[in-house]
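Residue-level structural notes
Take a look at the letters that make up each chain.
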Amino acid sequence: MSANPEHDVTGDVDFVTESQSAEFQELRKTHRSFVFPMAIFFLVWYFAYVLLADYFHDFMSIKVLGNINMGIVLGLLQFVSTFAITAAYVSFSNKKLDPKATAIRERLEREGVN
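For every chain, the first residue of its written sequence is number 1, and the numbers climb from 1 along that sequence. Where local features are concerned, this predicted model is filtered to residues with pLDDT of at least 70; where side-chain atom pairs are given and counted, the filter is 80 or more; whole-chain, interface and lining totals use all residues. Excluded from the side-chain calculation are hydrogens and water; included are all heavy atoms of the structure.

Here the focus is the environment of Trp45. Per the convention used, a helix needs a DSSP run of H or I reaching at least four residues, while a strand needs a run of E reaching at least two, with both numbered from the N terminus. In this fold, Trp45 is placed in helix α2 (residues 22-55). Sequence-wise, Trp45 and Leu74 are 29 residues apart; in three dimensions their C-alpha atoms are separated by 10.0 Å. By definition, residues are in contact when any of their heavy atoms lie within 4.5 Å. Leaving out residues up to four positions away in the same chain, Trp45 has contacts with Leu74, Leu77, Gln78 and Ser81.

Our next topic: the side chain of Glu18. Inspection of the secondary structure puts Glu18 in helix α1 (residues 15-19). Only protein chains enter the area calculation, which uses a 1.4 Å probe; residues under 20% of their type maximum are buried, those over 50% are exposed, and those in between are partly exposed. Under the relative-accessibility criterion, Glu18 is labelled buried at 17%.

Let's shift gears to the side chain of Arg107. Relative to the helices and strands, Arg107 is located in helix α4 (residues 70-113). Among the residues examined, Arg107 registers a relative accessible area of 16% and is labelled buried. Residues in contact with Arg107, not counting those within four places in the same chain, are Glu18, Ser21 and Glu23.

This paragraph deals with the UniProt feature "transmembrane region" (unreviewed entry) in the protein chain. Using the residue numbers shown here, the UniProt feature "transmembrane region" (unreviewed entry) corresponds to residues 34-52 and 72-92. Strand forms 0% of residues 34-52 and helix 100%; the C-alpha atoms that close the span are 27 Å apart. UniProt positions are given in the numbering used here, feature names are shortened, and annotations may be inferred rather than shown by experiment.

Patches were defined on residues exceeding 30% relative accessible area and lacking a salt bridge, with like-charge contacts within 9 Å and nonpolar side-chain contacts (Val, Leu, Ile, Met, Phe, Trp, Tyr) within 5 Å. Surface accessibility in these figures is a Shrake-Rupley result with a 1.4 Å probe; residues are shielded only by whichever protein chains are displayed. We count a salt bridge whenever a side-chain nitrogen from Lys or Arg sits within 4 Å of a carboxyl oxygen from Asp or Glu. A cluster of nonpolar side chains, contributed by Val64, Leu65, Ile68, Ile72, Leu76, Phe79 and Phe83, occupies part of the molecular surface with about 740 Å² of accessible area. Elements supplying a minimum of two residues to the nonpolar patch: β1 (63-65) and α4. When residues of the nonpolar patch are assigned to their parent elements, the largest contribution, four residues, is made by α4. Along the chain, the position of Leu65 falls in strand β1.

Turning our eyes to something else, we now look at the nonpolar core. To define a nonpolar core, start from buried Ala, Val, Leu, Ile, Met, Phe, Trp, Tyr and Cys residues and group those joined through side-chain atoms within 4.5 Å. In this structure, Val13, Leu27, Phe34, Phe92, Leu97, Ile104 and Leu108 together form the largest nonpolar core, which totals seven residues. Elements that contribute at least two residues to this core include exactly α2 and α4. Sorting elements by how many residues they give to this core places α4 first, with four residues. When residues no more than four places from it in sequence are discounted, the contact partners of Phe34 are Ile85, Ala88, Tyr89 and Phe92.

Here we take up the packing of aromatic side chains. Each Phe, Tyr or Trp ring, with Trp reduced to its six-membered ring, pairs with another whose centre is within 6.5 Å; inter-plane angles below 30 degrees give stacked pairs, above 60 give edge-to-face pairs, and intermediate values give tilted ones. For the coordinates displayed, the defined rule picks out four aromatic pairs. Aromatic side chains Phe34 and Phe92 sit 4.7 Å apart centroid to centroid with 20 degrees between the ring planes, which places their arrangement in the stacked category. Placement of Phe34 in helix α2 and of Phe92 in helix α4 is noted, with a sequence separation of 58 residues between them. By the burial criterion, Phe34 is buried, and Phe92 matches it. Through a chain of ring-to-ring contacts, three or more aromatic side chains come together here, namely Phe34, Tyr89 and Phe92.

Now the structure itself:
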């Protein structure tokens, strides 16, 4: 949906052609440059935790503080890393993706109004 309802050009846009435009391809490339490495990082981190929990009981049961052991610490770090990745994506999107997407939207609105 357009940010400006007065310039709704959804009926006038050839979405296949736009998806093949240089601007849109650059937006996709920028998006992928963040998402794929971050997804790989998180999956490796997640599966490392699962493998540690399953096969390295002695390591995971090391006491850190009182009854808090490495398993609990690493498990809580899973949540922390999820929130950190989310915050990093929001920041990346605001700085890199949103300006490019806004430029594409504004161009389409200008072309659709003429």
